[in-house]
Structures are given as structure tokens and as C-alpha cells.
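Listed below, chain by chain, are the residues.
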Amino acid sequence: MTVRVIESNEDKVTMADLIVELKQSTKIDYSGAIFTFEGIVRGKEENMNLEKLILTTPDKEKTQKEIEKIVDNAKIKYNVHEISVIHYIGEFDKGDMLFLVAVLGNHRGETLEALKEVIETVKYEVEFKKEEISNEGTKTILAGG
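Conventions used here
Residues numbered from 1 in each chain as written. Predicted model: local features only at pLDDT ≥ 70, side-chain atom pairs only at ≥ 80, totals over all residues. Heavy atoms only, no water. Salt bridge = Lys/Arg side-chain N within 4 Å of Asp/Glu carboxyl O. Helix = DSSP H or I, 4+ residues; strand = E, 2+ residues; numbered from the N terminus. Expected span 1.5 Å × (residues − 1). Buried < 20%, exposed > 50% of the residue type's maximum accessible area, 1.4 Å probe, protein only. Contact = heavy atoms within 4.5 Å. Core = buried A, V, L, I, M, F, W, Y, C linked by side-chain atoms within 4.5 Å.

Peer 1: Explain the pattern of salt bridges here, please?
Peer 2: Per the stated rule, a full pass over the model turns up seven salt bridges. Residue Glu-113 is joined to Lys-116 by a salt bridge in which the shortest nitrogen-to-oxygen separation is 3.5 Å. One end of the pair is Glu-113 and the other is Lys-116, both in helix α3 (residues 108-125) and three residues apart, which spans about a single turn.

Peer 1: Looking at this structure, how should I read α3?
Peer 2: Quick reminder: α-helices carry 3.6 residues per turn. Residues three or four places apart thus point the same way. Under the 1.5 Å per step criterion, the end-to-end length of α3 is 25 Å for 18 residues, consistent within 8% with the ideal 26 Å. Where α3 is concerned, the buried positions are Thr-111, Ala-114, Leu-115, Val-118, Ile-119, Thr-121 and Val-122. The inward-facing, buried residues of α3 contact β2 (33-40), α2 (60-78), β5 (82-92), β6 (97-105) and β7 (128-134).

Peer 1: Explain the nonpolar core to me, please; I cannot follow it from the model alone.
Peer 2: Considering soluble globular proteins, one finds that nonpolar side chains tend to be buried as a cluster. The biggest cluster of nonpolar side chains holds 38 residues, and the ones touching the most others in it are Ile-67, Ile-83, Val-85, Val-101, Val-118 and Val-122. Contributing elements (two or more residues each) for this core: β1 (3-7), α1 (15-23), β4 (48-56), α2, β5, β6 and α3. The dominant element in this core, judged by the number of residues it contributes, is β6, at eight residues. Other than its neighbours up to four places away in sequence, Ile-67 contacts Val-3, Val-5, Val-85, His-87, Val-122 and Val-126.

Written out as C-alpha cells, the structure is:
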């Protein structure tokens, strides 16, 4: 299991990296599904063309621990083998990766449900500040917290 909060100017972990890691799990022989999600920066948002997005969190270590707890809960609830999450923070352009989730499980049903739960729980319960910068100004969105 990998759970990391990474600055956008640090090393890049891709979805392919997460899938390779999951396939090296000792549980691979018992697995029948891998589901993935890659959240990216939209170029258009509510009548504005995004020039840049800045995503921050007040405490990177606390955020990582919160995501680890969400992952642990989803693994138990859905009885899946592994869940890996990468969440980037920093400055981004449209199309850049922000949030990667990969889940390895026995069957597609519970594996997909675990993926959905991790995505939604991180989005709404972990404290992030998103600033969408455009030629129309800056829109700030607070989540979680």
C-alpha cells in the first residue's frame, strides 16, 4: 500500500507505477480486479478558462495520516487487498494529475465500491484549499476539514 501527499514539483508517481506495485502484492493470486481513478485539472470551470490551479493543505503530514485512515477503513469495509493513493499539492496547469487511486480486490463489485468510497471521502473530509486562477479572477474552494 502506498499513500503519499506529494508536492507538484517533487517526484512524479503515475498510475502505471501504482498498478505495477499492486500487481507485486502477495495477494495477486487471489485478485480478480484492479480499478483506478486519475483526477486531473479541468481547463474550464463555470464560465472561466483556468490559467492555473493551486492546491494546498495546512498540514501535509496530518493530511497523509487522514488519507491512510480512509484507506484502512475502505480496505476493511469492502474486504479488498490493497489501496494506493497519491495526492498532489502545489501549482498545476490544466490536464495535470492531482489525485490517483488504485484498488486491488477479489471481485469487481467490492473493488469498485472501495474506489468510489476513497475518492468521495478524501474529496469531502480531508482539508484542502483549491484556488482556481483565471483571467476572470480567483475562485477559492475549501473542502473537508
